[in-house]
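Residue-level structure breakdown
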Amino acid sequence: MTAGLKLWLGQATRHLSKDSAAQVRSEIQEHYESALDAAVNCGNSRDHADTIALAALGDATTANRQYRKVLLTSGEARLLREGNWEAKTFCARRLARTLTLSMPGLVMLIAVALFLMGATGVARIPLIGAIGMALLFLARFLPIYTPSRSRIFRYVKWVILAAMPILAFGAEALKFSWLLIACLWPVAWVEWTRISIRRKLPVSRWPRQLYL
Amino acid sequence: MHRNARYQVNFKGTLPTLILDSLVHEPRHGYGIAQGIKDRSQGVLDFKEGTLYPALHKLENEGLVESYEDVENGRPRRCYRITKSGRASLVKDRAQWRELSKAVTMILGEA
């Protein structure tokens, strides 16, 4: 590999995941070799052919910008690798799974009991807790295996997430919006990254977490 | 004539359609697709080849083309072929392009 091509590839693969970068390197190198052969066959010297083949590839930064729109970046690959912790923690062990499945129901029962006892203000807290836990833990056990079901689940999820602060703070929900933004930005960032990954991966290659 | 007056046309939006069209008759590798587009347009559509592959990946993600490993002159090559939905998309794109081109010609043709 020539120094020029190495430099071009270095710039074109910036911030791409390991697999994406390897794919780019392989396809661009194939392309470059074909272009080099064609230029040599046209009577150019090896050095001049190298210049022609590199120039034909264009600007590496522009290519990198376009590659990052269609191939997984290192951040997205990390999210795919490490973003499955709920499943690993709760689905893999029987005891944890049983506790996980029963906990939202149990907390919901406490909330209902408090409501019946007339402690409406206090009951709101376990109710919100139960909804949050159900959303986080139970989703994994739902039969969401198709893009359309996944879309419906995500709409419902966001409606619930939006309703939770209103339920928690009532009329003062707007007053506490700074607190909500501070708490929810990691969730929003993860969701945003997942949207980007869904665009880049064909449905057949979606891991379970992308459906949720 | 165009080879001497080679210029770059902003055809970012039409590149995917041109790629699909160049794969209609036979599967090709990336370099073949790039050369095919340049040759058939007599050098008018001169684009930077580094931007071809992101467009190919996008088409592949959308299920309009599929890629496979092949060997050419003893060298492993990634080749691309158009899918059934790719052909359907091309038919739609061609019809849209004809309509657009007719409209633009109606306006610019008067000048």
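A quick note: this is a predicted structure, and the numbers were derived from the prediction, not measured.

Side note on the overall build of chain A
Assigned secondary structure in chain A consists of 10 helices and zero strands. If you list the helices and strands of chain A from N to C, you get α-α-α-α-α-α-α-α-α-α. Taking all 212 residues of chain A together, 17% fall into the buried category. Contacts in chain A between residues at least 24 apart in sequence constitute 63% of all its contacts with a sequence separation of at least 6.

Section: the overall build of chain B
If you tally the helices and strands in chain B, you get four helices and three strands. Ordered by position in the sequence, the α and β elements of chain B form the string α-β-α-α-β-β-α. The 111 residues of chain B split such that 27% are buried. The contacts in chain B between residues at least 6 apart in sequence include a share of 54% that link residues at least 24 apart.

So, the nonpolar core
Within the largest apolar cluster, 36 residues are counted, with the highest numbers of intra-cluster contacts made by Ala12(A), Ile19(B), Leu56(B) and Val65(B). Looking at which element gives the most residues to this core, the answer is helix 2 (residues 18–41) of chain A, with six residues. Leaving out residues up to four positions away in the same chain, Ala12(A) has contacts with Val24(A), Ile28(A), Ala60(A), Ala63(A), Asn64(A), Tyr67(A) and Gly50(B).

Examining helix 2 of chain A
The end-to-end C-alpha distance of helix 2 of chain A is 34 Å, a good match for the 34 Å that 24 residues give at a rise of 1.5 Å each. Of the positions making up helix 2 of chain A, those classed as buried are Ser20(A), Ala21(A), Val24(A), Glu27(A), Ile28(A), His31(A), Tyr32(A), Ser34(A), Ala35(A) and Leu36(A). Buried residues belonging to helix 2 of chain A abut helix 1 (3–12), helix 3 (46–57) and helix 4 (60–70) of chain A together with helix 2 (30–40), helix 3 (52–61) and strand 3 (75–82) of chain B.

Quick notes on unusual backbone geometry
At His15(A), a position not held by glycine, the phi torsion is positive, near 65°. One can find His15(A) in the loop between helix 1 and helix 2.

A short note on the domain arrangement of chain A
What the domain assignment reports for chain A is domain 1 (3–71) and domain 2 (85–211). For domain 1 of chain A and domain 2 of chain A, the distance between their C-alpha centres works out to 45 Å.

Some words on the interface of chain A and chain B
In this assembly, 21 residues from chain A lie in contact with 14 residues from chain B. With seven residues, the top contributor of residues to the side of chain A that touches chain B is helix 4 of chain A. Taken together, the residues of the side of chain A that touches chain B break down into 11 nonpolar, five polar and five charged.

Conventions and cut-offs
- Residues numbered from 1 in each chain as written.
- Chains lettered and ligands numbered in written order.
- Predicted model: local features only at pLDDT ≥ 70, side-chain atom pairs only at ≥ 80, totals over all residues.
- Helix = DSSP H or I, 4+ residues; strand = E, 2+ residues; numbered from the N terminus.
- Buried ≥ 20, exposed ≤ 12 C-beta atoms within 10 Å, placed from the backbone.
- Contact = placed C-beta atoms within 7 Å.
- Core = buried A, V, L, I, M, F, W, Y, C linked by C-beta atoms within 7 Å.
- Expected span 1.5 Å × (residues − 1).
- Domains from an automatic or database assignment.
- Nonpolar A, V, L, I, M, F, W, Y, C, P; charged D, E, K, R; others polar.

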